[in-house]
Amino acid sequence: MEIHQSSLVISLILLSGLVATCYGVPFTSLNKTIGITATPSIPSGQVLKGGESTLTISWSLNATSSVGIDTSDYRTVEIKLCYAPISQKDRGWRRTEEELQKDKTCQHKIVERPYNPSNNMYTATIKKDVPSATYFVRLYVHNSHEEVVAFGDTTDAMKMTNLFEVVAVTGRSIGLDIASVCFSAFSIISMLGFFILEKRRAKT
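Since we're looking at a predicted model, the values are computed, not measured. Here the residue index of a chain counts from 1 through its sequence in written order. Only residues with pLDDT of 70 or above have their local features reported here, since the model is predicted, and side-chain atom pairs are shown and tallied only from 80 upward, although totals for entire chains, interfaces and linings are computed over all residues. To get the side-chain values, take all heavy atoms of the structure and skip hydrogens and water.

Let us now look at the overall build of the protein. A tally of regular secondary structure across the protein gives 2 helices and 10 strands. Moving toward the C terminus, one meets the helices and strands of the protein in the order α-β-β-β-β-β-β-β-β-β-β-α. The buried label goes to any residue with under 20% of its type's maximum accessible area, the exposed label to any with over 50%, and the partly exposed label to all in between, with areas taken from a 1.4 Å probe on protein chains only. With 204 residues in all, the protein has 29% of them scored as buried. Contacts were defined at the residue level, with two residues in contact if any of their heavy atoms lie within 4.5 Å. Taking all contacts inside the protein whose residues are at least 6 apart in sequence as the whole, residues at least 24 apart take part in 74%. Per element, the accessible surface of the protein, about 13500 Å² overall, is 60% carbon and sulfur. Helix and strand definitions follow DSSP, with helices as H or I runs of at least four residues and strands as E runs of at least two, each counted in order from the N terminus. Here the accessible surface of atoms and residues is derived via Shrake-Rupley with a 1.4 Å probe, and residues count as covered only by protein chains that are part of the display.

Before going further, it helps to examine the pairing of strand E8 (residues 133-142). For a regular strand, side-chain orientation follows a simple rule: the groups alternate between the two sheet faces. Within E8, 10 of the 10 residues are buried, which leaves it mostly tucked inside the rest of the structure. Residues Ala 133, Tyr 135, Val 137, Leu 139 and Val 141 point to one face of E8 and Thr 134, Phe 136, Arg 138, Tyr 140 and His 142 to the other, with burial holding for every one of them. Here a strand pair is declared whenever DSSP counts at least two bridges between the two strands. In the sheet, E8 pairs with strand E9 (residues 148-153) via 5 bridges, with the strands oriented antiparallel. Bridge assignment links Arg 138 to a residue of E9, and that residue is Asp 153. Between E8 and E9, which pair antiparallel and follow one another directly, the connecting turn spans 5 residues, one of which, Glu 146, has a positive phi of 65 degrees.

So, on to the layout of surface pockets. As a volume, the second largest pocket reaches approximately 160 Å³. Taken together, Leu 55, Leu 81, His 108, Lys 109, Ile 110, Tyr 122, Ala 124, Thr 125, Ile 126, Lys 127, Asp 129 and Val 130 make up the full set of residues lining the second largest pocket. Of all the secondary-structure elements, those providing two or more residues to the lining of the second largest pocket are strand E6 (108-114) and strand E7 (120-125). For the lining of the second largest pocket, a count of residues per class yields 7 nonpolar, 2 polar and 3 charged. Within this scheme a cavity is a closed region of a 1 Å grid, computed over the protein atoms alone, that accommodates a 1.4 Å probe without allowing it to escape, whereas a pocket is open but has protein on both sides within 12 Å along at least five of seven lines; lining residues each have an atom within 4 Å of a point. Grid points are joined across faces, edges and corners, and a volume is the space filled by probe spheres set on the points. For this scheme, ten residues count as nonpolar: Ala, Val, Leu, Ile, Met, Phe, Trp, Tyr, Cys and Pro. Four count as charged, namely Asp, Glu, Lys and Arg, and the remainder, Gly too, count as polar.

Of the strand pairs in this sheet, strand E2 (residues 34-40) and strand E4 (residues 54-61) are connected by 7 bridges, and their pairing is antiparallel. Bridge pairing in E4 links Pro 40 to Leu 55.

With that settled, the discussion passes to the packing of aromatic side chains. Two numbers describe a pair of aromatic rings. These are the distance of the centres and the angle of the planes. Only Phe, Tyr and Trp rings are paired, with Trp represented by its six-membered ring, and only when their centres lie within 6.5 Å; those with planes under 30 degrees apart are stacked, over 60 edge-to-face, the remainder tilted. Counted according to the given criterion, the structure contains 3 aromatic pairs. Relative to Phe 151, the ring of Phe 27 has its centre 4.7 Å away and its plane inclined at 50 degrees; by these criteria the two rings are tilted. Of this pair, Phe 27 sits in the loop between helix H1 (2-23) and strand E1 (31-32) while Phe 151 sits in strand E9; the two residues are 124 residues apart in sequence, bridging distant segments of the chain. A relative accessible area of 21% means that Phe 27 is categorised as partly exposed. Classification of Phe 151 by relative accessible area gives buried; the value is 7%.

In short, shape yes, function no, at least from these values alone.
Structure below.
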């Protein structure tokens, strides 16, 4: 009887682990133990440009966190750009989900580093392929099993403060636009000249 009970307990443990793996970790189960800030390279209120502007990100364990909370299984940190609610509206492909595996809030990875409790800083250039939108920065802490166990945000719980706007690179330059306009004008003038010349020939 004891053997059967032990087997049942082991099966339940394995099943719970499988469920956690399949359905992901709920965001509300994470501890907000990390303090993080992101400082743009341009004055507040101005727009950041993909491929040009930078963010200087600093993070550390919150002073209010329980002593030793990070010594159990904090292994790596992953920092991402995340869409603010204003840039999620009517965009299902960016929506926030409770299960991290399904969540689409934070799609743009900035950097991944080994965990260190204090004096962390990283300067990142906004990537050219980052879409135009309003963002904040989030940090996820992973354990030795690569599971998310904690986080930190640069914004408040309502995601309304410390936001910044990014404008994506279009791949076009001013010189290219000028050349395009000149070529179009030349084509129109050439067509008019050809039309006038043909009319004169027809009269003669």
